[in-house]
2 protein chains.
Amino acid sequence: MKELPRISEAELEIMKVLWGKAPQTANEIIESLDLKMDWKPKTIRTLINRLVQKEAVSYHQGKGRMYEYYPLVSQDSFLQVETKSLLKRFYGVSFKPLIVNFLKEEKLSSEDINELKRILDEKSEENQRKDSK
Amino acid sequence: MKELPRISEAELEIMKVLWGKAPQTANEIIESLDLKMDWKPKTIRTLINRLVQKEAVSYHQGKGRMYEYYPLVSQDSFLQVETKSLLKRFYGVSFKPLIVNFLKEEKLSSEDINELKRILDEKSEENQRKDSK
DNA sequence: TCTATTATATTACAAATGTAATCTTAAACT
DNA sequence: AGTTTAAGATTACATTTGTAATATAATAGA
């Protein structure tokens, strides 16, 4: 397994754009971020290049001179890495308040809530199985 | 409200020590981290000083020449800030997989699970109230 | 009192990050 | 064909972070 590259805050914005749709040219990425990020186009190109160097993103020549970029790191694996890294950072800090905070902040649909409860039930069962052994 | 200072990964280790017990002298902090962190004492002192500059930590003179350091930022407010910042980073990324990841990673006691379910129930009710309006 | 310790303060330096500008080169227009 | 445009490559520069070492000053010991 290859280590996932470390993706900085600013670089993450590029990744999110590419996770939403890929491949995209630099100009398309720039346009996507235009309203949101108040970055100069050159800045965005720098970030894209850094992601290429880090092998989080790659590209191929599209039609004409322009490159089309696509993500090499999936959103899913990134989420997993970040989750673990956050847990590691907070190791030794009680975990529950963290989750509680999350749940409080976030707007969740009824379906989401049900799924989360289902997961908790599974955890619950796991606990019991272990207790009774 | 004062903005909370940004606390780096390494600095966080110092904070965790001080959240566990305060005040502590630099030497006590160094000793606490001795096994855990493979850092030179000078490194730890640098980190402490940076936290003082950032006003995340302060100190007063203890008995003798040594300072006693204590946190100015509570673990609670830090957790809240980090939670929000993570959510902001992931804004636009679906939220549920994040929580699901957390729940899967973590070992939770039965009491924890019950509390989380209670919170979910509350959210559920909130949703209903809104729907019926 | 002079000297050795040692806490604290100051300085160091490379890598990562945020934020671009300039340079080069190839394509498009005249 | 010569010139303008504009991708992409290279370079820039300040700040933050990781990881200390050196300098200073005050205390403790001889």
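- For chain A, an unreviewed UniProt entry supplies the name Penicillinase repressor and the organism Neobacillus massiliamazoniensis.
- Annotation of chain A in UniProt includes, under Sequence similarities (unreviewed entry), the sentence "Belongs to the BlaI transcriptional regulatory family."

**Considerations on the protein's contact with DNA strand C**
Item 1. In the vicinity of DNA strand C, 21 residues are found, and the nearest of them are Ser 8, Lys 40, Thr 43 and Thr 46 of chain A together with Tyr 67 of chain B.
Item 2. In this structure, a phosphate oxygen belonging to DNA strand C sits 3.3 Å away from a side-chain N or O atom of Asn 27 of chain B.
Item 3. Arg 45 of chain B places a side-chain nitrogen or oxygen 3.0 Å from a phosphate oxygen of DNA strand C.
Item 4. Contributions of two or more residues to the surface near DNA strand C are made by helix 1 (9-20) and helix 3 (41-53) of chain A together with helix 2 (26-37) and helix 3 (41-53) of chain B.
Item 5. The residue makeup of the surface near DNA strand C, split by class, is six nonpolar, five polar and ten charged.

**Some details on the sheet that holds strand 3 (residues 67-71) of chain B**
Residues and elements named next belong to chain B.
Item 1. An order of 1-3-2 is seen for the three strands of this open sheet, with the pairing classed as antiparallel. In this open sheet, the two strands that pair with only one neighbour each are strand 1 (24-25) and strand 2 (57-61).
Item 2. In the sheet, strand 1 pairs with strand 3 via two bridges, with the strands oriented antiparallel. Looking at strand 3, one finds that Gln 24 is bridged to Tyr 69.
Item 3. The strands touched by helix 1 (residues 9-20) are strand 1, strand 2 and strand 3; relative to strand 3, the strand with the most contacts, the crossing angle is about 95 degrees.

**Some details on helix 1 of chain A**
Residues and elements named next belong to chain A.
Item 1. In this model, helix 1 (twelve residues) spans 17 Å end to end at C-alpha, consistent with the 16 Å of a helix rising 1.5 Å per residue.
Item 2. In terms of burial, helix 1 is a largely internal element, nine of the twelve residues being buried.
Item 3. Those residues of helix 1 that sit buried are Glu 11, Leu 12, Glu 13, Ile 14, Met 15, Lys 16, Val 17, Leu 18 and Trp 19.

**Let's talk about the relation of the copies chain A and chain B**
Item 1. For the pair chain A and chain B, the superposition axis carries a translation of 0.0 Å, the fit reaches an RMSD of 0.1 Å, and the rotation angle comes to 180 degrees. Viewed as a symmetry operation, the transformation between the two copies matches a two-fold axis. Nearest to the rotation axis, the C-alpha of Lys 117 of chain A is located 3.2 Å from it, this being the minimum over chain A.

**Examining the interface of chain A and chain B**
Item 1. Facing the 46 residues of chain A at the interface are 47 residues of chain B.
Item 2. Carbon and sulfur atoms make up 66% of the surface buried where chain A meets chain B, a total of about 4900 Å² over both sides.
Item 3. The largest share of the area that chain A buries against chain B comes from Arg 89, Phe 102 and Leu 120 of chain A, three residues that together contribute 15% of it.
Item 4. Our count for the chain A to chain B interface comes out at two salt bridges.
Item 5. Inspection of the region where chain A meets chain B yields two residue pairs in polar contact (both at pLDDT 80 or more).
Item 6. Those elements giving two or more residues to the side of chain A that touches chain B turn out to be helix 1, helix 4 (75-89), helix 5 (96-105) and helix 6 (110-132) of chain A.
Item 7. Of the residues forming the side of chain A that touches chain B, the biggest block, twelve residues, is contributed by helix 6 of chain A.
Item 8. In terms of residue class, the side of chain A that touches chain B is made up of 21 nonpolar, nine polar and 16 charged.

**Structural notes on the packing of helix 5 of chain A against helix 4 (residues 75-89) of chain B**
Any two packed helices are characterised by how steeply their axes cross, that is the angle between the axes, and by the distance between the axes.
Item 1. At a minimum axis distance of 10 Å, the contact between helix 5 of chain A and helix 4 of chain B shows a crossing angle of 50 degrees. With respect to helix 4 of chain B, the axis of helix 5 of chain A lies oblique. Here helix 5 of chain A and helix 4 of chain B pass one another in a crossing that is right-handed. Residue-level inspection shows Pro 97, Leu 98, Asn 101, Phe 102 and Glu 105 of chain A of helix 5 of chain A in contact with helix 4 of chain B, the latter providing Leu 79, Gln 80, Thr 83, Lys 84, Leu 86 and Leu 87 of chain B.
Item 2. Of the residues assigned to the contact of helix 5 of chain A with helix 4 of chain B, the class counts are six nonpolar, three polar and two charged.

Calculation criteria
- Residues numbered from 1 in each chain as written.
- Chains lettered and ligands numbered in written order.
- Predicted model: local features only at pLDDT ≥ 70, side-chain atom pairs only at ≥ 80, totals over all residues.
- Heavy atoms only, no water.
- UniProt positions renumbered as here; feature names shortened; annotations may be inferred.
- Near = heavy atom within 4 Å.
- Polar contact = N/O pair within 3.5 Å; in protein donor to acceptor, adjacent residues only side chain to side chain.
- Helix = DSSP H or I, 4+ residues; strand = E, 2+ residues; numbered from the N terminus.
- Nonpolar A, V, L, I, M, F, W, Y, C, P; charged D, E, K, R; others polar.
- Pairing = 2+ DSSP bridges.
- Contact = heavy atoms within 4.5 Å.
- Axes fitted to C-alpha atoms, helices over the stretch in contact; angles between N-to-C directions.
- Expected span 1.5 Å × (residues − 1).
- Buried < 20%, exposed > 50% of the residue type's maximum accessible area, 1.4 Å probe, protein only.
- Least-squares fit on C-alpha atoms with pLDDT ≥ 70 in both.
- Buried area = accessible area lost by both parts, 1.4 Å probe.
- Salt bridge = Lys/Arg side-chain N within 4 Å of Asp/Glu carboxyl O.
- Parallel < 35°, antiparallel > 145°, perpendicular 65-115°, else oblique.
- Left-handed = near helix turned anticlockwise from the far one by under 90°.

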